[in-house]
Amino acid sequence: MTALLEVEDLRVAYGKIEAVKGISFSVEAGQIVTLIGTNGAGKTTTLRTLSGLLKPVGGRILFDGQPLTGVPAHKIVSLGLAHSPEGRHIFPRLTITENLLLGAYLRNDKAGIEKDVQRAYDLFPILGERRKQAAGTLSGGEQQMLAMGRALMSQPKLLMLDEPSMGLSPIMMQKIMETIVELKAAGTTILLVEQNAQAALSLADQGHVMEVGKVVLSGTGADLLHDESVRKAYLGED
Ligand code: ATP
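Note that the structure is a prediction, hence the values are computed from the model and not measured.

Peer 1: What exactly am I supposed to notice about the layout of surface pockets here?
Peer 2: Using a probe with the size of a water molecule, rolled over the atoms, empty space left in the structure can be pinpointed. Size it by volume and the largest pocket reaches roughly 470 Å³. Along the walls of the largest pocket sit 19 residues, with Val77, His83, Pro85, Tyr105 and Arg150 positioned nearest its centre. Listed by contribution, the elements that provide at least two residues to the lining of the largest pocket are α2 (73-79), β6 (81-84) and α6 (140-152). Broken down by element, the lining of the largest pocket gets its largest block of residues, four residues, from α2.

What follows is the structure, encoded as structure tokens:
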């Protein structure tokens, strides 16, 4: 079986500095796959490259059997790969509904778009309650929900989430993690980048540990959660 996403020996550099040094991993349809690792490991760089925002210096990316190298970012969205970026990047002056609609900018099926806006409100009721308010009035956690809702508006086959738990209260984080599991149950494949290794590995089918631009360990979420080196380095155990 071919995976939905296959990354082979991917290399990405900022000028002379190689931030991603030849990583390989795959994401099977229907799975949650997580990339964990400390600051600067290259996780965000990897997602930005998969989205077409950065150009790799080497390696291969296959999405749904199609090579992504050299494909522009908007085309990548239309192929079914959506990105909810780190730091959220919502539009603070636009309303919540307007922000959601921006996620559907490549679609023109009006009825389907309306249905998906409703689905975002069902997933995150706070967004529905405040739909006419400027998105900048939302709390950090609510903005994270909006960013996820907006990414879903492109009806992605693969949803990439960059640190969805960043800066959230434990309750908000729990809510986001539950939503990720719900999205998987509804058929969305997810690539999750997280610094919160405990939360990410608890729900991931597969995980990859990144350190300074390389994948140093891979396994099922459960295996990594019980791995002694992971527990020491990422789960704060002695
Ligand atoms: P974090 O969780 O802190 O975002 P990360 O694993 O996502 O970490 P990246 O953001 O991908 O890591 O960064 C990987 C390396 O690339 C780091 O050393 C970082 O300083 C460097 N880097 C990231 N963006 C740029 C840039 N625009 N120009 C130069 N170097 C960069």
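Let's pick the thread back up.
Peer 1: How do you make sense of the nonpolar core when you look at a structure like this?
Peer 2: Inside soluble globular proteins, nonpolar side chains tend to come together where they are buried. Within the largest apolar cluster, 45 residues are counted, with the highest numbers of intra-cluster contacts made by Leu127, Leu146, Leu159, Ile180 and Ile190. The dominant element in this core, judged by the number of residues it contributes, is α6, at six residues. In contact with isoleucine 180, not counting residues within four places along its chain, are Ile32, Met148, Leu161, Pro164, Ile190, Leu192 and Leu203. Grouped together as the second largest cluster of nonpolar side chains are 27 residues, Leu4, Phe63, Leu191 and Val193 included.

Peer 1: How do you make sense of the environment of methionine 177 when you look at a structure like this?
Peer 2: You can see methionine 177 is positioned in helix α7 (residues 170-185). What makes methionine 177 buried here is its relative accessible area of 6%. For methionine 177, the contacting residues outside a window of four places in its chain are Ser165, Glu194, Ala199 and Leu203.

The rules behind each value
- Residues numbered from 1 in each chain as written.
- Predicted model: local features only at pLDDT ≥ 70, side-chain atom pairs only at ≥ 80, totals over all residues.
- Heavy atoms only, no water.
- 1 Å grid on protein atoms, 1.4 Å probe; cavity = no way out; pocket = protein on both sides within 12 Å on 5 of 7 lines; lining within 4 Å.
- Points joined across faces, edges and corners; volume = space filled by probe spheres on them.
- Helix = DSSP H or I, 4+ residues; strand = E, 2+ residues; numbered from the N terminus.
- Core = buried A, V, L, I, M, F, W, Y, C linked by side-chain atoms within 4.5 Å.
- Buried < 20%, exposed > 50% of the residue type's maximum accessible area, 1.4 Å probe, protein only.
- Contact = heavy atoms within 4.5 Å.

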